[in-house]
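One-letter residues, chain by chain:
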Amino acid sequence: MAEQATIQEVSDAMYKMIKDSMGQKKWKATDLTKAVEQLFGERCDKALIKSAIRDLIESGKCVYTYFGGSFIEIPHKEGAEN
Amino acid sequence: MADKKRSTPKLDELEKGEWPSFVKEIKIAAEKNPMANDLLGQLERSYEEKIGHWKHGGIVGVLGYGGGVIGRYSDLPEEFPNVSHFHTLRINQPAGWFYTSDALRKLCDIWEKHGSGLTNMHGSTGDLVFLGTRTEELEPVFRELTELGFDLGGSGSDVRTPSCCCGMARCEWACYDTMALTYFLTMHYQDELHRPAFPYKWKFKMSGCPNDCVAAVARADMSIIGTWRDDIQMNDSAVTEYAKSGTDIQKDVVGNCPAKCMEWDGKKLKIDNRACVKCMHCINAMPKALAPGKDRGACILIGSKAPIVEGALLSSVLIPFIKFVPPYKELTDLVEKIHEVWSENGKNRERVGEFIQRVGMGNFLEAIGVEPIPEMVAHPRENPYVFYEEYFEEESEDDKNA
Amino acid sequence: MPEVQPKPKRKTDIGPPHYENFLPPIIKENYGKWKYHEILRPGVMVTVSETDARLYTVRAASPRLLSIDKIRAYADLADKYCRGYLRFTSRNNVEFLLTDESRIDPLIKDLQALGHPVGGMGNSISSIVHTQGWVHCHSAATDASGVVKSVMDELIEYFTEMKLPAKLRIALACCLNMCGAVHCSDIAILGIHRRPPKVDRSKIKVMCEIPSVVSACPTAAVKPATIDGVPSVEVIEERCMFCANCYTVCPAMKLNDALNDGISIWVGGKVSNARSEPMFSKLAIPFLPNNPPRWPEVTSAVLNLVEVWAKNARKYERMGEWINRIGWPRFFEMTGIPFEKVHIDDFKHAGLTFKRSAHLTY
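Draft legend 1. Layout of the packing of helix α13 (residues 352-359) of chain B against helix α14 (residues 361-368) of chain B. Residue and element names in this part refer to chain B. In the contact formed by α13 and α14, the axes pass within 6 Å of each other and the chain directions differ by 110 degrees. Between α13 and α14, the angle is such that the two are roughly perpendicular. Here Val-352, Phe-355, Ile-356 and Val-359 of α13 come into contact with α14, specifically with Met-361, Asn-363 and Phe-364. Looking at side-chain class alone, the contact of α13 with α14 contains six nonpolar, one polar and no charged residues.

Draft legend 2. The interface of chain B and chain A, seen in detail. Residue-level contacts link 26 residues of chain B with 24 residues of chain A. Buried area between chain B and chain A, summed over both chains or domains, comes out near 2200 Å², and the portion from carbon and sulfur atoms is 51%. Among the ionic pairs, Arg-195 of chain B bridges to Glu-58 of chain A, the shortest N-O distance being 3.9 Å. Run the count over chain B and chain A and you get twelve residue pairs in polar contact (both at pLDDT 80 or more). Within the residue set of the side of chain B that touches chain A, elements represented by two or more residues are β1 (54-57), α7 (190-194) and α12 (329-345) of chain B. In terms of residue count, β1 of chain B provides more of the side of chain B that touches chain A than any other element does, three residues in total. For the side of chain B that touches chain A, the class distribution of residues is ten nonpolar, ten polar and six charged.

Draft legend 3. Examining the state of the cysteines more closely. Under the criterion given, the structure shown has one disulfide over all chains. Note that Cys-208 of chain C is cross-linked by a disulfide to Cys-250 of chain C, the S-S spacing being 2.1 Å. Linking Cys-208 of chain C and Cys-250 of chain C, the disulfide has an S-S dihedral of approximately 70 degrees and is accordingly described as right-handed. With Cys-208 of chain C in the loop between α5 (201-207) and α6 (210-216) and Cys-250 of chain C in the loop between α7 (245-249) and β13 (253-254), the pair connects residues that are 42 residues apart, well separated along the chain. Looking at Cys-208 of chain C, the relative accessible area reads 10%, which means it is buried. The cysteine Cys-184 of chain C is free of any disulfide, with Cys-213 of chain B supplying the nearest cysteine sulfur at 15 Å. Under the relative-accessibility criterion, Cys-184 of chain C is labelled buried at 6%.

Draft legend 4. Fine view of the sheet that holds strand β14 (residues 296-302) of chain B. Residues and elements named next belong to chain B. On the basis of which strands lie adjacent, the open sheet formed by five strands has the order β7-β8-β9-β14-β15 and mixed pairing. Looking at which strands have only one partner, the edges of the open sheet turn out to be β7 (163-164) and β15 (316-322). Examined bridge by bridge, strand β9 (residues 222-228) and β14 share seven bridges and lie antiparallel to one another. Across the sheet, the residue bridging to Ser-223 is Leu-301, located in β14.

Draft legend 5. Summary view of the nonpolar core. Counting residues in hydrophobic clusters, the biggest one holds 115 residues, and the most contacted among them are Trp-202 of chain B together with Phe-96 of chain C. No other element matches helix α2 (residues 68-82) of chain C, which puts seven residues into this core. When sequence neighbours within four positions are dropped, the list of residues in contact with Phe-96 of chain C reads Tyr-56, Thr-57, Val-58, Tyr-74, Leu-77, Ala-78, Cys-82, Leu-86, Leu-107 and Leu-111 of chain C. Cys-137, Ala-140, Leu-164 and Ile-263 of chain C belong to the second-largest nonpolar core, a separate cluster that totals 70 residues.

Conventions used here
Residues numbered from 1 in each chain as written. Chains lettered and ligands numbered in written order. Predicted model: local features only at pLDDT ≥ 70, side-chain atom pairs only at ≥ 80, totals over all residues. Heavy atoms only, no water. Axes fitted to C-alpha atoms, helices over the stretch in contact; angles between N-to-C directions. Helix = DSSP H or I, 4+ residues; strand = E, 2+ residues; numbered from the N terminus. Parallel < 35°, antiparallel > 145°, perpendicular 65-115°, else oblique. Contact = heavy atoms within 4.5 Å. Nonpolar A, V, L, I, M, F, W, Y, C, P; charged D, E, K, R; others polar. Buried area = accessible area lost by both parts, 1.4 Å probe. Salt bridge = Lys/Arg side-chain N within 4 Å of Asp/Glu carboxyl O. Polar contact = N/O pair within 3.5 Å; in protein donor to acceptor, adjacent residues only side chain to side chain. Disulfide = S-S within 2.5 Å. Buried < 20%, exposed > 50% of the residue type's maximum accessible area, 1.4 Å probe, protein only. Pairing = 2+ DSSP bridges. Core = buried A, V, L, I, M, F, W, Y, C linked by side-chain atoms within 4.5 Å.

And the structure:
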């Protein structure tokens, strides 16, 4: 069995995915989950991924957004506020 | 003090008449609150122009949560600067919407300090709604709410705030403890309620009997409707009383029975309980004489929703009868299985009802490990386009010789 | 060095307060032990327990949109009459819970003085469940509170008295998203947009992410397009069903259209299982204009539906049950509503809604 990834590793990987596709794709929690499952394979499970998402949000690096469905994004200025 | 008093000739018309006036409510708030005053101004503009003037925000919230705050901005911020931000907070109501005057006053005090002073008692899903505040007020409101023992409700792709009828608190027809189950589910799914992790929203609604006072069958992804399995409880002398005091038992009660399972000979009411479909009509008509049976529980239905995206759906039977015993493990195991399958395979903005339509109820049942039974359908399929999964093959020569 | 006060720990995930904190003693004592209830007069009900404890409920109308001043007034009434206990109903009424029958009349008097009529029980019209409308919603095709107020002013006698054949449930949603889930109501008042979003090309580039706008559309009606060298979107108009999802994502896709937005009326839905199974509401009137502040076309249309039903339905017969008995041709004839092309469904499985028998009345 491969050694479990750390929460930090997983949340960093998620952050990178979100950052790299900013303006092109919005990520849902379910999409992020599937993507890191692919990336880390046996080294992560659902509970770990959940903790990593929580870390991502509670650290303030990302926020939940709602645009006809909920997404996880890097905080940005609200379009509607303009 | 609020800004100048606004001229609102159109809205003033809605202060007239006997029904309680929302315009009066906004005006009362506007005397002290500049946000409410600008709301009045912008609303009058909408009444003149016949269009709304709000923009949707998607980012604001409290730290760590993805639900509970609806971002809203005026599209006329120069004219109505005090509603340039006008966000809503959804506050998880106590089950059954019971309050004490003390709790309500404390909630009002928080909202007087931090928002427009306007509320909805309650929003459609069931939350207590604080209507309108600025982004920088969200955290302070949240802190004071949690100090008072209240928390935010759901919004977005999460478990929405569960709600229920008043159940056993004030209704003799409650076939299970709707408020206890609602409280339990709300607490059990706190994480899923605050941190959206699903393809789209998920609603639980709990009705204590088939009268369904919270419209569970029409708007909940999981509709939990109380019912019973044994005989309707009957008090013969009370039936006679109804007959004496003018109830036409043959016409109004027996004649309206959808199962045609009742007979009235002018003296005695007979019910073929095996044929009764638990519709509640006769019980509704004679509450002093009839009552649901003693073997009570609930029917679990799945998948209802309003039209967007693929059309409206009513919930359909998943588990015909279940007895609820805390800690409700049978129920939470089932819900967990459904959430897993739906999260894994659901598309963005696909409610579970639409997901079932897309993959097929049979496949869905198989995935969640529930046996198909005739109670789940109005009738078996009419079309012959069956995707047979099992068939025979010619035995190969090797098999024959073996 | 001054001691730094540790920041109080941020509380999260505490959920709502436990409901038991808010139940009056009579309810705690008789929880799950109620025997029967009886509506004593409009808006007043007694619930009697196995031990003969008697709880009196007084139900009053509310506009749902309440100022904190009004909530405080409710709290004062609860203190005066019910030891501080009160509740709200699934249809936004307020209910006071009394143990002393002699206090009912003074409470009703106080409620009426406050402008809140008592009623909404039994065979009546209870409060209209509704959405936010122009008060707070970005996608509203009509106002909600103003229409509700106008309609209920017209129908008030059916709230304060119990003279209808059965219950009548009215609901209003200000667009197709139906936050109020109005689609199973005896009468549903539904705000409708009729024109696709108008793309504001000067703003879309700065306000919105083009890929998000495109992916927001559930029917793939929004496509990326470069117009005059500037990235934008185009809308395939015949695919748009006016959900405003694109406008949710992008304020430069305004759907509101003063000329074409309006109201449609749907009838015959129900959620209760009593007698007949739950059913959807069906289209009665495809379009009525937005005519604020009083929406006279809508109020007279609703009043007509209520009165024709009330006059002709049998006891206990809900709107949909009445229509099912008399048939739709007679419904249109009796209400004087013209039947048009749009009444015939053309979405998925529309054929199931066609008349597929010779069961007709002449």
